[in-house]
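# Observations on the three-dimensional arrangement
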Amino acid sequence: QNLNDRFEHLKAVVLPKILNDWSQLRFQDVKTVSKHNSTLFKIVSQLKMCGEVITENMLLEKTYRTFYASNVLLQQQYRLHGFKKYREIIGSLLIAEQNNELLLQNHDNRLTSLSPLPEVNA
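First things first, this report covers the structure right here in the doc. (Residues numbered from 1 in each chain as written. Predicted model: local features only at pLDDT ≥ 70, side-chain atom pairs only at ≥ 80, totals over all residues. Heavy atoms only, no water.)

In terms of nonpolar packing, the biggest core is built from 22 residues, with Trp-22, Ile-89 and Leu-93 touching the most fellow members. Mapped onto this core, the elements with two or more residues apiece are helix H1 (2–24), helix H2 (33–49), helix H3 (56–65) and helix H5 (86–109). At five residues, the largest contribution of residues to this core is made by H2. If we skip the residues at most four places from it in the chain, Leu-93 touches Phe-27, Val-33, Thr-63, Phe-67 and Tyr-78. (Core = buried A, V, L, I, M, F, W, Y, C linked by side-chain atoms within 4.5 Å. Buried < 20%, exposed > 50% of the residue type's maximum accessible area, 1.4 Å probe, protein only. Helix = DSSP H or I, 4+ residues; strand = E, 2+ residues; numbered from the N terminus. Contact = heavy atoms within 4.5 Å.)

Turning to the environment of Met-58, a few remarks are in order. Checked against the element boundaries, Met-58 lands in helix H3. When sequence neighbours within four positions are dropped, the list of residues in contact with Met-58 reads Trp-22 and Val-53.

Right, let's get into the packing of aromatic side chains. Applying the stated rule across the entire model yields four aromatic pairs. For the ring pair Phe-27 and Phe-67, a centre distance of 5.2 Å and an interplane angle of 25 degrees mean the geometry is stacked. Residue Phe-27 is located in the loop between H1 and H2, and its partner Phe-67 is located in the loop between H3 and helix H4 (72–81); the two are separated by 40 residues in the primary sequence. Under the relative-accessibility criterion, Phe-27 is labelled buried at 10%. (Phe/Tyr/Trp six-rings, centres within 6.5 Å; stacked < 30°, edge-to-face > 60°.)

So, in structure tokens, the structure goes:
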């Protein structure tokens, strides 16, 4: 009770900022999926500390609605996949991000237009 009396006023101070952070957080504003996930859970933990309820559906919708505008098709595909838990979509996004990085590294290591492939029958 003493702790509650001592820190109850922090809720009134912190909650408006955290609600603003929640409303401003967009998947497209961060460079990596891991950074988005970390920032999201920081905000969610602060919201929970203030007594706010954050559901799996809210986390999924937050992610879907803040995809890059150029990835509307990708966003629709993720929705159709029917993820029920936030960790499922984040796992899928992390794998996709890692695969994209590998493809770009392979492309950078051997640019396709610079040298022809060796002849098989040579």
